[in-house]
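Structural features, examined
Each chain is listed here by its residues.
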Amino acid sequence: QAQLVESGGGLVQAGGSLRLSCTMSGHNAFSRFVKAWFRQAPGKDREFVAGISWTGNTVTYTDSVKGRFTISRDNAKNTQYLQMNSLKPEDTAVYYCAATLVDGIRNNPNEYNYWGQGTQVTVSS
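Read on for an overview of the structure. (Residues numbered from 1 in each chain as written. Predicted model: local features only at pLDDT ≥ 70, side-chain atom pairs only at ≥ 80, totals over all residues. Heavy atoms only, no water.)

1. Topic: the environment of Tyr 95
- Here Tyr 95 shows up in strand 9 (residues 93-100).
- Measuring from C-alpha to C-alpha, the distance between Tyr 95 and Leu 18 comes to 12 Å, with 77 residues separating the pair along the chain.
- Non-local contacts of Tyr 95, meaning those with residues more than four positions away in its chain, are made with Glu 6, Leu 20, Phe 38, Arg 39, Val 49, Phe 69, Leu 82, Met 84, Gly 118, Thr 119 and Val 121.
- There is a polar contact of 2.9 Å between the side chain of Tyr 95 and the side chain of Arg 39.
- In terms of polar contacts, Tyr 95 uses its side chain to reach the backbone carbonyl oxygen of Asp 91, at 2.6 Å. (Helix = DSSP H or I, 4+ residues; strand = E, 2+ residues; numbered from the N terminus. Contact = heavy atoms within 4.5 Å. Polar contact = N/O pair within 3.5 Å; in protein donor to acceptor, adjacent residues only side chain to side chain.)

Written out as structure tokens, the structure is:
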């Protein structure tokens, strides 16, 4: 059974940066998974943030983070990343990494089989 473990959240001032990491264990086909990051703010639905194909050649972002966030993956380390720059208070949320073997980057959380435990990102104004 695959497990995802996240790290890298925290408290940062507006305009600052954070990098989230998510490492998969318990599965020998990490490189074939489509990977994504979602976030959930209090009282809101879980929202797609970014996704990356299993080759790493295709990436997708929600409009609100384009130009500020970068998703990447290192298949040799079974790890995906989310570099977040120019953070805004509205980026405050619990961030989750997710993985699926369904082909193509999907923005529906129901299409992801594996989830990290979540990491809190708080951006102060």
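2. Examining the nonpolar core
- Counting residues in each nonpolar core, the largest one holds 28 residues, and the members touching the most others are Trp 37, Val 49, Phe 69, Leu 82, Met 84 and Tyr 95.
- For this core, the secondary structure elements donating two or more residues are strand 3 (18-25), strand 5 (47-52), strand 7 (69-74), strand 8 (79-84), strand 9 and strand 11 (119-124).
- Setting aside residues no more than four positions away along its own chain, Leu 82 makes contact with Leu 18, Arg 19, Leu 20, Trp 37, Val 49, Ala 50, Phe 69, Thr 70, Ile 71 and Tyr 95. (Core = buried A, V, L, I, M, F, W, Y, C linked by side-chain atoms within 4.5 Å. Buried < 20%, exposed > 50% of the residue type's maximum accessible area, 1.4 Å probe, protein only.)

3. Some points on the pairing of strand 8
- With five of six residues buried, strand 8 lies mostly within the body of the structure.
- The pairing of strand 3 with strand 8 spans six bridges and is classified as antiparallel. Residue pairing in the sheet places Ser 21 in a bridge with Tyr 81 of strand 8.
- Relative to strand 8, strand 7 runs antiparallel, the two sharing six bridges. What sits directly across from Phe 69, in strand 8, is Met 84.
- Hairpin connection, strand 7 to strand 8: the antiparallel pair is bridged by four residues, and Asn 78 has positive phi, about 55°. (Pairing = 2+ DSSP bridges.)

4. Brief notes about the state of the cysteines
- Counted under the stated rule, the structure contains one disulfide.
- Each disulfide pairs two cysteine sulfurs, and for Cys 22 the partner residue is Cys 97, the sulfurs being separated by 2.0 Å. Its S-S torsion of approximately 60° makes the covalent link between Cys 22 and Cys 97 right-handed. A residue pair is termed long-range when its members are at least 10 positions apart, and Cys 22 in strand 3 and Cys 97 in strand 9 qualify at 75 residues.
- On the basis of relative accessible area, Cys 22 is assigned to the buried category, the value being 0%.
- The exposure class of Cys 97 is buried, given its relative accessible area of 0%. (Disulfide = S-S within 2.5 Å.)

Worth remembering: the numbers are spatial, not functional.
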